[in-house]
Amino acid sequence: MNAVTTLTVEDGVAVVTIDSPPVNALSAPVREGLKAAFAQAEGDDAVRAIVLACAGRTFIAGADIREFDSELVGPHLHDVQAVIEASTKPTVAAIHGTALGGGLEVALCCHFRVAVPSARVGLPEVALGLLPGAGGTQRLPRLAGVPAALDMMVGGRPIRADKACELGIIDKIVPEGELLAEAVSYARKAADAGTKLVRVRDRSEGLAQDTGPEVFAEFRKKHARAFHGFKAPANIVKAVEAAVALPFDEGFKREGELFEELVHSNESKAQRYQFFAERETAKIPDIPKDMPHIPVKSVGVIGAGTMGGGIAMNFLNIGLPVTIVEAKQEVLDRGVATIRKNYQITVDKGRMTAEQLDERMGLLKPSLAMDDLAQVDLIIEAVFEKLELKQEIFGKLDGIARPDAILASNTSFLDVDAIAAATQRPETVVGMHFFSPANVMKLLEVVRGEKSSDSVVATAMAVGRRIGKVAVLSRVCDGFIANRMMAPRMEAAQALILEGPMPSQVDKAMVAYGFPMGPFAMLDLVGLDVIGWDAATSSSSTVTEVLCEMGRWGQKKSGGFYDYDEKRRPSPSPVADQVVRDFQAKSGKQHREFSEREIVERLLFPVVNEGAKLLDEGIAIRASDVDVALVYGYGWPVFTGGPLFWADIVGLDRVIAGLEAAGHEPAPLLERIAADGRKLHQYQVA
Ligand code: CAA
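Model, not experiment: these values are computed from the prediction.

Engineer: Even after reading the chapter, I still don't get the packing of helix α4 (residues 136–144) against helix α5 (residues 146–155), so can you show me in this structure?
Structural biologist: A pair of packed helices is characterised by two quantities: the angle between their axes and the separation of those axes. Direction vectors running N to C along α4 and α5 enclose 135°, while the axes themselves pass 7 Å from each other. Our classification of the angle between α4 and α5 gives oblique. Crossing geometry of α4 relative to α5 is assigned as right-handed. Seen from α4, the contacting residues are Gly-136, Thr-137, Leu-140, Pro-141 and Ala-144; seen from α5, they are Val-146, Ala-148, Ala-149, Met-152 and Met-153. Tallied by class, residues from the contact of α4 with α5 come to 8 nonpolar, 2 polar and no charged.

Here's what the structure looks like:
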């Protein structure tokens, strides 16, 4: 048919096979091939039924996302689907791997779908800021019902084949390894039996119940918080409302309009950028892709505190044995108990079985002796942030660990090279910086020391992916990428409250921008005292210092910038606000009202500036790595694309002017890129 699609006919059944690695996405050649193959099979009198199958690791994983930003080449997907759907012969999609987005939507144009048990199906477009624009919002509810279809499309998570079968999306589950033969036999039987062929668009079993306005109203209410800032979920709900209220063709047209709104939105562009940016992080220009990794089959963690425990859980979760070492028995016991408690919470929520809990705890070996780390492949140190202490530990490890073991530090700002220098084998040392809670947060910064070997770096990155993290590579600097980037926001926030806005207003602007919480709420959560306050040297010279001196250390003292009730719900604090007002009075600055936009720019332009500095220094490999780190490490709203993508949306000239007006010096790289009319988010270190 063409290079990516073949058509074979055997015994009256045509098999259309797509073979377009890596994921059989619906690129222009695939669409062309599909359309031609189905047209030919339909026209061939020798063909009585048609099977659609895919070669390689998966059924069609969706539209080719790279094509969204360019002019349409080849047939429109809708036209391809129309040809498939118009077949007068039974059509069967044979699904393995993941049938996602446009892939599932193509399958829904077949009369029947069979799948192997390991297959998953889903409409994940929402993660790209889109809606399923190839009839998914209209066809899926007709089979699966409105509530399940809304969950699948707004949640975006693929479901397993058995669940899809229950929902009527899949007609038959067939044994692994026998997919094609079973699909062919299914198609042939349908042809032999003269089974009445009903297109999904003409079916309505899913629309028989739960379609009243209250279903939609309730859904919107339940997810209002999660929808905040995103455009796609609201449009998905509207499209499904149309599926219920309108005949298919009209609903389909409405879906198209709602899709168009999204595909040109900055939110969707940002989310599509993040999709590729996230995958790009794995690529390290000066380390070959096939660099051999050091086998990691066992792990040691030093420190059983909150970080150490969370880090250990990541490895227990994937079935690796972990030896966790502490200096004192009671601290060790407490750490192990916390890990068990965390797992128990998951069991109580029904997301893990008691047996799985036992299995995971069975892999954990608590120890008071560093010598017990002699045989492990990867050791991650997670002790208190003090250079001398870490150097002492690495010095000891040098004499204990196997020569080829990877020695990693979870330091969040210390000099990894200085830590490595405490050993005779600095090439085995890297930073592996987890974010708290370490078993939950998806970011892992792999810090490449001056002497870290390529295979150690490549292995640390791969280990990160194995435990489900997004691993971003950083060079050594104070705070690495994410923490260093966010420090200027905190400084700008502290400075801004002297000019008029109260902490709660600043936080409100950050939440409206899309952050889970603002900087002052975050300070209260972490503890004001932890951020470098020292009673001995406190000089009452900042709001934070005064609050600390008053014992207002944050949530743990039931008050910081906010007051808290017994359920830790915040309310603006008259006491803290008075402290702010006193400082405002003393500051000598002109006080005025600030709009939300001004607050956002005052706090976030310095972050952009820091990003440019960090790229100029070669700390990150590429701008998109920085954006990924902030989204996964700090909850930077993904629909803005991250600070550097957002800066391009706002316009670099505006960023520079804003920085200057607030008394910051724009980073030279920022000025160079702006002067050349280039995009900051596309910058790569040479
Ligand atoms: N378009 C273009 N490229 C894609 C792609 C797509 N839909 N899906 C994956 N790729 C690329 C990735 O960028 C990656 O490329 P590199 O190797 O060059 O980095 C490669 O395929 C492999 O992808 P992963 O590394 O993600 O592989 P995986 O095995 O971990 O996951 C997957 C496979 C589950 C299919 C995952 O890639 C995925 O979730 N893809 C996106 C699926 C999706 O969102 N589909 C909907 C598209 S929008 C749509 O269909 C709109 C519509 O209504 C018509």
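From this point on, the discussion continues.
Engineer: Would you mind showing me how to read the pattern of salt bridges here?
Structural biologist: Between side chains of opposite charge, a pair can form when the charged atoms approach closely. The final tally for this structure, using the stated rule, is 40 salt bridges. The salt bridge involving Glu-601 is made with Arg-654; its shortest N-O contact spans 2.8 Å. With a gap of 53 residues between them, Glu-601 in helix α24 (residues 596–616) and Arg-654 in helix α27 (residues 652–661) connect regions that are remote in the sequence. You can call Glu-601 buried: its relative accessible area is 13%.

Engineer: Got a minute to help me understand the UniProt feature "domain: 3-hydroxyacyl-CoA dehydrogenase NAD binding" (unreviewed entry) in the protein chain in this structure?
Structural biologist: The feature "domain: 3-hydroxyacyl-CoA dehydrogenase NAD binding" (unreviewed entry), as given by UniProt, occupies residues 299–473 in the numbering adopted here. Annotated as residues 299–473, this span is 42% helix and 21% strand, and its ends, taken at the C-alpha atoms, are 21 Å apart.

Engineer: Please clarify how the UniProt feature "domain: 3-hydroxyacyl-CoA dehydrogenase C-terminal" (unreviewed entry) in the protein chain should be interpreted in this entry.
Structural biologist: UniProt's feature table lists "domain: 3-hydroxyacyl-CoA dehydrogenase C-terminal" (unreviewed entry) at residues 479–564 and 599–661, given in the numbering used throughout. Secondary structure over residues 599–661 splits into 76% helix and 0% strand, and the C-alpha atoms at its two ends are 13 Å apart.

Engineer: Would you mind showing me how to read the site of the ligand here?
Structural biologist: Near the ligand there are 27 residues, and of these Arg-57, Ala-63, Gly-102, Glu-105 and Arg-279 occur at the shortest range. At 2.9 Å, a side-chain N or O of Glu-105 approaches an oxygen atom of the ligand. Between Arg-279 and the ligand, the recorded distance is 2.7 Å, taken from a side-chain N or O atom to an oxygen atom. Listing elements by their share of the shell around the ligand, those giving two or more residues are β5 (98–100), α3 (102–107) and α12 (266–280). The leading source of residues in the shell around the ligand is α12, at 3 residues. Split into classes, the residues belonging to the shell around the ligand amount to 15 nonpolar, 5 polar and 7 charged.

Engineer: Hey, could you run me through the sheet that holds strand β8 (residues 159–160) in this one?
Structural biologist: Where strands meet in a sheet, backbone hydrogen bonds hold them as pairs that are either parallel or antiparallel. Spatially, 3 strands are ordered β5-β7-β8 in an open sheet, and the strand pairing comes out mixed. The open sheet is flanked by β5 and β8, the only strands paired with a single partner. Note that β5 and strand β7 (residues 120–122) share 3 bridges and pair parallel. Bridge pairing in β7 places Leu-100 opposite Gly-122.

Engineer: For this particular structure, what's the right way to read the sheet that holds strand β15 (residues 429–434)?
Structural biologist: Within the open sheet, the 8 strands sit side by side as β12-β11-β10-β13-β14-β15-β16-β17. Their pairing is mixed. Two strands in the sheet have a free side with no partner beyond their single neighbour: β12 (364–367) and β17 (470–475). Averaged over all adjacent pairs, the angle separating strand axes in this sheet is 25°, with direction ignored. Bridging between β15 and strand β16 (residues 443–448) involves 4 bridges; their strand directions are antiparallel. Residue pairing in the sheet places Gly-431 in a bridge with Val-447 of β16. Taken strand by strand, helix α14 (residues 329–348) contacts β11 (322–325) and β12, and its axis lies near 160° from that of β12.

Engineer: For this particular structure, what's the right way to read the confidence of the model for the protein chain?
Structural biologist: Parts of the prediction with low pLDDT should not have their coordinates interpreted in detail. Mean pLDDT over the protein chain: 96, with 100% of residues reaching 70 or higher. Note on the complex model: pTM 0.93, ipTM 0.93.

What counts, and at which threshold
- Each chain has its residues counted from 1, running along the sequence as written.
- Reporting in this predicted model follows two pLDDT cut-offs: at least 70 for local features of residues, and 80 or more for side-chain atom pairs to be given and counted; totals over whole chains, interfaces and linings ignore these cut-offs and use all residues.
- Note: side-chain values were computed over all heavy atoms of the structure, leaving out hydrogens and water.
- To obtain an axis, a line is fitted to C-alpha atoms, over the contacting stretch when the element is a helix, and the angle between two such axes runs from 0 to 180 degrees between their N-to-C directions.
- Secondary structure elements follow DSSP: runs of H or I no shorter than four residues count as helices, runs of E no shorter than two count as strands, and numbering proceeds from the N terminus.
- Roughly parallel means an angle under 35 degrees; roughly antiparallel, over 145; roughly perpendicular, 65 to 115; everything else is oblique.
- Each crossing is labelled by how the near helix is turned from the far one, with a counterclockwise turn of less than a right angle marking it left-handed and a clockwise turn marking it right-handed.
- Here a residue-residue contact requires only that any non-hydrogen atoms of the pair lie within 4.5 Å.
- For this classification, the nonpolar set comprises Ala, Val, Leu, Ile, Met, Phe, Trp, Tyr, Cys and Pro, the charged set comprises Asp, Glu, Lys and Arg, and every other residue, Gly included, is treated as polar.
- Any carboxyl oxygen of Asp or Glu within 4 Å of a side-chain nitrogen of Lys or Arg constitutes a salt bridge here.
- Each residue is assigned to one of three classes by its accessible area relative to the maximum for its type, calculated with a 1.4 Å probe on protein chains only: buried under 20%, partly exposed between the two thresholds, exposed over 50%.
- UniProt positions are given in the numbering used here, feature names are shortened, and annotations may be inferred rather than shown by experiment.
- The near set for a molecule or strand comprises every residue that places at least one heavy atom within 4 Å of it.
- Think of a polar contact as two N or O atoms within 3.5 Å of one another; within protein, one of them needs to be a possible hydrogen donor and the other a possible acceptor, and neighboring residues in sequence only count if both atoms come from side chains.
- Whether two strands pair depends on DSSP finding at least two bridges between them.
- Per-residue confidence from the predictor is given as pLDDT, running between 0 and 100.

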